[in-house]
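Results of the structural survey
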Amino acid sequence: MRDVPPNPSTSLADRNLAASSSSRRRQLLVALAATALAACVPLGVSDVYAMNVMILTLMYLALSQSWNVLGGYCGQISLGHAIYFGIGAYATVIVYLKGGISPWIGMVVGGVFASWIALALGYFCFRLAGHYYTIATIVIAEAALLLVLNWEWAGAALGLQLPFGPDSWATLQFGRNKLPYFYFVLALSLLTWLIAWWIEGARWGYWWRAVKDDAEAAASLGVSIFDSKMAASAISAFFTAVAGGFYALFVSYIDPQSVFGFQISLLITLPAVLGGIGTLWGPAVGAVLLIPLGELTRSYIGGSGSGTHLIVYGALIVVISLLRPEGLVSLFRSSKPARGAQA
Amino acid sequence: MTEALLRTRSITHDFTALRANDDISLDVSPGEIVGLIGPNGAGKSTFFNIIAGALQPTSGRVLFEGSDITALAPAERCKIGIARTFQVVRSFDSMDVAENVIVGSLLRERSSREARRAACDVLEFVELGSRAGTRAGDLTSPEKRRLELARALATKPKLLLLDEVMAGLTPTEAQRGIELVKRIRSLGITIIMVEHVMEIVMPLVDRAVVLDLGRLIASGAPAEVTNDPKVIAAYLGEPKRA
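The structure presented is a predicted model; accordingly, all values stated were derived computationally and were not measured. (Residues numbered from 1 in each chain as written. Chains lettered and ligands numbered in written order. Predicted model: local features only at pLDDT ≥ 70, side-chain atom pairs only at ≥ 80, totals over all residues. Heavy atoms only, no water.)

1. Structural notes on the overall build of chain B
Going by this rule: In this text, helices come from DSSP runs of H or I with a minimum length of four residues, and strands from runs of E with a minimum of two, each type numbered from the N-terminal end. Just to be clear, the radius of gyration here is over C-alpha atoms, and the globule rule we use is 2.2 Å times residues to the power 0.38. A 1.4 Å probe rolled over the protein chains alone gives each residue an accessible area, and that area as a share of the maximum for its type sets the label: buried under 20%, exposed over 50%, partly exposed in between. Any two residues whose heavy atoms approach within 4.5 Å at even a single point are treated as in contact. Shrake-Rupley sampling with a 1.4 Å probe provides the accessible areas, and residues are treated as covered by the protein chains on show and by no other component. Within this scheme the basic residues Lys and Arg register as positive and the acidic residues Asp and Glu register as negative, but His and the chain ends are omitted. A single reference atom marks each charge: NZ on Lys, CZ on Arg, CG on Asp, CD on Glu.
Secondary structure summary: chain B contains nine helices and 10 strands in total. A compact globule built from 242 residues would reach a C-alpha radius of gyration of about 18 Å, and chain B, at 18 Å, matches this within 12%. Here the C-alpha coordinates of chain B stretch approximately 60 × 40 × 40 Å along the principal axes. With 242 residues in all, chain B has 56% of them scored as buried. Relative to all contacts within chain B whose residues are 6 or more apart in sequence, the contacts with residues 24 or more apart total 65%. Summed over all atoms, the accessible surface of chain B reaches about 10200 Å², with 52% contributed by carbon and sulfur. For chain B, the separation between the mean place of its 31 positive charges and that of its 31 negative charges on side chains is 3 Å.

What follows is the structure, encoded as structure tokens:
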């Protein structure tokens, strides 16, 4: 006798509120459980290569989720997120090398700086509609790559090398044991997921999705289209840069091509596209599938930079867009999603 | 006489080779339902969009509660109490019905929780409560029109602009629509509606305003206006040429 029939006297508002908050709570529990589960995985894995792949997977998960904030929820498709990734990587390393400042602070500095850049670029680019915006992001990221390539003080084309130091959480330097990196990036992934989760239930989240679906209708309801895009862009850039800072510490050597290159922009975008744009779980599903697959094909068939892994990516995207244009997560809700009131 | 809620002063709008609105001045009193009618190409939509802020007039002014809002963007107009619907329905299809309305109610509510509560109340008002959890894209087209109304109402407007909300409805649905518009008016909301179908507008509105070839040719009680020779001529052509 546990299933009490719904009380007809409760109002629609009460039922709808209850349904939406229980659905959100469920999502949160799943995310926490998934994180706890992921935290246990390294206990059974000692292989360094496997550990590297897992760390990269989680990093791209965090990156793609950050991208999703702007691209998925606000509908502004950026193919130039490498600029924020690169800014984060360079800021973290430069602040540490030239200023002797903790990389923890460096990552935040990089994040804040990337947000400013995002706002400055947004000020001009958000006047462009749809595809023009996307093209502008590609061009600007390429321009940034060229600038850094010629920036002598920051190592120009040679890049920057972090000095080897003792293993320490203070400097986030770990020579052989990669486990701390795993936990750091796992926490970062959870954080970006929580940001997306928070956005879904927040004022900005409703506004952003309205802007994505129909900007003119959103404006007619009092939503500021420009402010929405700017806010989404700044948040997205911040976390992309933090992940860029993490990457620099993880590999301890960066050069312009490896952090500002177009392939980074693509790898940031693809997991969300593959998994499902504008969904909570799309970037996670996409990254867990795509990144290990890319690493495996690169090491087993790709070899000498022939780019076989890119062919695999391409083929996957084609197949997904033909069979599941809404992304892989749509497989899990073939019927109607369990949101709102079922009255 | 009470102060007019909305005034337009000598609104003129030129498209490249066409004067779509020619010197239109109109006062709308609080609580009124005004029907904006006229044959195809009369300039109704242009005038409607100028009031909503989607178009800037070539010359002339729009005043709301006494202040000049001619240069105000649509989002700003919504904040001061002017809401609209669209001729072609524009639902937010990635969201469910309740969420669509929340986008509107957030304008006046402090938290998204309060906004959801307010949105549900509006949905019940437009008789769409049972569809709160449905994806907006899955609604039928009369339901989508109700959703647009709910969204606009959720912003708590003083003036509601309805752009052919009855278009494409069956007679039964249109009847429900008429009842709904009456209930909206009873909330004290002033309404300007553009409508094609005369049988729907005439019994509903307090005043019919007729545009023809960009000019305001008649304004008055529906019965008066339908007997006006200028209006008959506009719809049917000049008697001498008939």
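2. Some words on helix H3 (residues 97-105) of chain B
Applicable threshold: By the criterion applied in these results, polar contacts are pairs of N or O atoms within 3.5 Å in which, for protein atoms, one can donate a hydrogen and the other can accept it, and in which residues neighboring in sequence qualify only through two side-chain atoms.
Burial analysis of H3(B) places nine of its nine residues in the buried class, the great majority of the element. Every buried residue belonging to H3(B) is among B:Val97, B:Ala98, B:Glu99, B:Asn100, B:Val101, B:Ile102, B:Val103, B:Gly104 and B:Ser105, and all of these are buried. Summarising the contacts, the buried residues of H3(B) are in contact with helix H1 (12-40) and helix H7 (203-213) of chain A together with helix H4 (112-125) and helix H5 (141-154) of chain B. Between the side-chain oxygen of the N-cap and the backbone nitrogen of B:Ala98 there are 3.1 Å, and the N-cap of H3(B) in question is B:Asp96.

3. Structural notes on the sheet that holds strand E1 (residues 6-15) of chain B
Residues and elements named next belong to chain B. To keep it simple, the criterion reads: Strands qualify as paired when DSSP identifies two bridges or more between them.
Overall, antiparallel pairing links the four strands, which are arranged E2-E1-E4-E5 in an open sheet. Of all the strands in the sheet, just strand E2 (18-28) and strand E5 (67-68) have a single pairing partner and so form its edges. Examined bridge by bridge, E1 and E2 share seven bridges and lie antiparallel to one another. Bridged to Ile11 within E2 is Ile24.

4. Considering helix H2 (residues 48-73) of chain A
Residue and element names in this part refer to chain A. Convention followed: The span you would expect from a helix comes to 1.5 Å times its residue count less one. What is called the bend at a residue is the angle between a pair of axes, fitted to the seven residues leading up to and ending at it and to the seven starting from it.
Taking 1.5 Å per residue as the helical rise, H2 with its 26 residues ought to reach 38 Å, and the 36 Å between its terminal C-alpha atoms agrees with that figure. The largest bend in H2 amounts to roughly 40° and is located at Trp67. Buried residues dominate H2, accounting for 22 of its 26 residues. Positive backbone phi, approximately 75°, marks Gly75, located one or two places after H2.

5. Section: the environment of A:Ser228
All names here are of chain A. Structurally, Ser228 is set in helix H9 (residues 225-251). Residue classification places Ser228 among the buried residues on the basis of a relative accessible area of 1%. With residues up to four places along the chain from it excluded, the contact list for Ser228 reads Cys74, Trp204, Trp207, Trp208, Val211 and Val223.

6. Overview of the sheet that holds strand E9 (residues 207-212) of chain B
All names here are of chain B. To keep it simple, the criterion reads: Between N-to-C directions, angles cover 0 to 180 degrees, with each direction set by a line fitted to C-alpha atoms, over the stretch in contact for helices.
Taking strand neighbours across the sheet as the criterion, the six strands line up as E6-E7-E8-E3-E9-E10 in an open arrangement whose pairing is mixed. In the strand order of this sheet, the two ends are held by strand E6 (82-84) and strand E10 (215-220), each with one partner. Pairwise comparison of adjacent strand axes, ignoring direction, gives a mean angle of 20° for this sheet. Inspection of the sheet shows strand E3 (residues 33-37) paired to strand E8 (residues 190-194) by four bridges, in the parallel sense. The partner of Ile33 across the bridge, within E8, is Ile191. Here helix H1 (residues 44-52) sits on the sheet in contact with E3, E6, strand E7 (159-163), E8 and E9, set at roughly 150° to E7.

7. A look at the pairing of E9(B)
Residues and elements named next belong to chain B. With respect to burial, E9 is a largely interior element, six of its six residues being buried. Every second residue of E9 is oriented toward a common face, with Arg207, Val209 and Leu211 on one face and Ala208, Val210 and Asp212 on the other, all of them buried. Across four bridges, E3 lies against E9 in parallel orientation. What sits directly across from Leu36, in E9, is Val209. Pairing analysis gives five bridges linking E9 to E10, with the strands arranged antiparallel. Residue Ala208 lies in a different strand from E10, and its bridge partner there is Gly220. Taking the residues between adjacent antiparallel strands as the criterion, E9 and E10 are bridged by two residues, where Leu213 takes a positive phi near 50°.

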